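Okay, here's what each chain looks like letter by letter:
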Amino acid sequence: KTTKFRIALCQMKAWTDKAHNLSQARASIMKAKSEDPHFIILPECFNSPYDTKQFAKYSEKIPDNINELSLDQLSDSPSVAFLKEISKET
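Residues numbered from 1 in each chain as written. Predicted model: local features only at pLDDT ≥ 70, side-chain atom pairs only at ≥ 80, totals over all residues. Heavy atoms only, no water.

Quick notes on the overall build of the protein
A tally of helices and strands in the protein yields 3 helices and 2 strands. If one aligns the C-alpha atoms of the protein with their principal axes, the spans along those axes are about 45 × 30 × 25 Å. Across the 90 residues of the protein, 30% fall into the buried class. Contacts in the protein between residues at least 24 apart in sequence constitute 61% of all its contacts with a sequence separation of at least 6. Of the roughly 6900 Å² of accessible surface on the protein, a fraction of 53% belongs to carbon and sulfur atoms. Separation between the mean location of the 13 positive side-chain charges and that of the 12 negative ones in the protein comes to 7 Å. (Helix = DSSP H or I, 4+ residues; strand = E, 2+ residues; numbered from the N terminus. Buried < 20%, exposed > 50% of the residue type's maximum accessible area, 1.4 Å probe, protein only. Contact = heavy atoms within 4.5 Å. Areas by Shrake-Rupley, 256 points an atom, 1.4 Å probe, with all protein chains shown as cover. Lys, Arg positive; Asp, Glu negative; His and termini not counted. Charge placed at Lys NZ, Arg CZ, Asp CG, Glu CD.)

Some details on the pattern of salt bridges
Applying the stated rule across the entire model yields 2 salt bridges. With its nearest N and O atoms 2.7 Å apart, the salt bridge here joins Glu 60 to Lys 18. Of this pair, Glu 60 sits in the loop between helix H2 (55-58) and helix H3 (78-89) while Lys 18 sits in helix H1 (residues 18-33), and the two are 42 residues apart along the sequence. For the pair Glu 60 and Lys 18, one class covers both residues: buried. With a shortest N-O distance of 2.7 Å, Glu 85 and Arg 26 are connected by a salt bridge. Of the two residues, Glu 85 sits in helix H3 while Arg 26 sits in helix H1, which places them 59 residues apart along the sequence. A relative accessible area of 24% means that Arg 26 is categorised as partly exposed. (Salt bridge = Lys/Arg side-chain N within 4 Å of Asp/Glu carboxyl O.)

Structure follows, in structure tokens:
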């Protein structure tokens, strides 16, 4: 038996302003949501420029014990907080 599902792939250019990137990601997600997908996929680096020289500047700390933490405990990260919030809206 074949199971069908719909995937929305969001394409967006990430800039040096993380708040702008998160806002742009929100708009992309909400647009994709209107197509009723099962999954919405963001670009690999949706919250920062894709430039290896910039990764350290835009990175967000990941705790060593990440596998032991709940999503609520990871909300110090702006990107995790954003994804948690937007997941409640979709």
